[in-house]
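# Inside the fold
Chain by chain, the residues run as shown.
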Amino acid sequence: MSGGDRHVAGGGRVIRVVLADDEPLIRSGWATMLSLYDDIEVAGEAADGRAAVELGREADVVLMDIRMPGMDGLRATRELARLSPRTRVVVVTTFENDQLVWGALRAGAAGYVLKRSPAADLVTAIRLRDGVLFPDALRRIAAPRPRAAHDLTPRELDVLRHLARGLSNAEIAAALYVTRETVKTHVGNVLDKLGARDRTQAVVRAYDLGMVLAGD
């Protein structure tokens, strides 16, 4: 993997992506498709989870298959979350399975895309920095449960519910008639109080504790 950041016209930083899948043709197809985008660079390829962890520690995003030999994608995602929290993992799989979605979320994934999805969805997942990629999946698999006691303020709970809908900070600010900076502060407080490392994990934690229900 090459060192240093590259930038595209206009000053935006190039997103360094590692492709992790045990099928060479899948990796080749992803690489060919992503080569069409100036702001995305394929920085490495991995055929198993261990290689994905090693290469992913220097990447911005890892496209992670779930079923791979040796260390699978879920274990690799957990390892990356522990070793390189700044690396975002987007799980890309053929399996449309609620438990796999939940497992990917719990492992620390920041996104979940099916392999049959349009290329534009994959590119959106790579570029996404502010938001939760799969609110529909979360709502579908979160069974109603009693609300748990917590110390979030009413406004922080409002922000959390909007996070669970997949809204960005800008969209939450517009919905609540506050500034983006105010939303950013509330999001930080929510992460801290829930013990979550990012907004996706905060949403998972909220569903676990019953703070947000499937119909919210």
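Throughout what follows, the structure given in this document is the object of discussion. The model shown is predicted, which means the values in this text are computed figures rather than measured ones. (Residues numbered from 1 in each chain as written. Predicted model: local features only at pLDDT ≥ 70, side-chain atom pairs only at ≥ 80, totals over all residues. Heavy atoms only, no water.)

### Focus on the sheet that holds strand S4 (residues 88-93)
What counts, and what does not: A pair of strands is treated as paired once DSSP finds two or more bridges between them. Here a helix means four or more residues in a row that DSSP labels H or I, a strand means two or more in a row labelled E, and each is numbered from the N terminus. Angles run from 0 to 180 degrees between N-to-C directions of axes, and those axes are lines fitted to C-alpha atoms, restricted for helices to the stretch in contact.
On the basis of which strands lie adjacent, the open sheet formed by five strands has the order S2-S1-S3-S4-S5 and parallel pairing. The open sheet is flanked by strand S2 (40-46) and strand S5 (111-114), the only strands paired with a single partner. This sheet shows a mean twist of 25 degrees between the axes of neighbouring strands, independent of strand direction. Where strand S1 (residues 15-20) and S2 come together, six bridges link them in parallel fashion. Residue pairing in the sheet places Leu19 in a bridge with Glu45 of S2.

### Focus on the pairing of S1
Heads up, the rule is: Throughout this description, buried means an accessible area under 20% of the type-specific maximum (1.4 Å probe, protein chains only), exposed means over 50%, and partly exposed covers the range between. Handedness of a crossover is defined as follows: with both strands directed away from the viewer, a clockwise route from the first strand across the helix to the second makes it right-handed.
By the criterion of burial, S1 is predominantly enclosed, with six of the six residues buried. For the handedness criterion, the β-α-β arrangement of S1, helix H1 (residues 24-34) and S2 is classed as right-handed. One ladder, built from four bridges, connects S1 with strand S3 (residues 61-64); its direction is parallel. Residue pairing across strands places Val17 opposite Val61, the latter belonging to S3.

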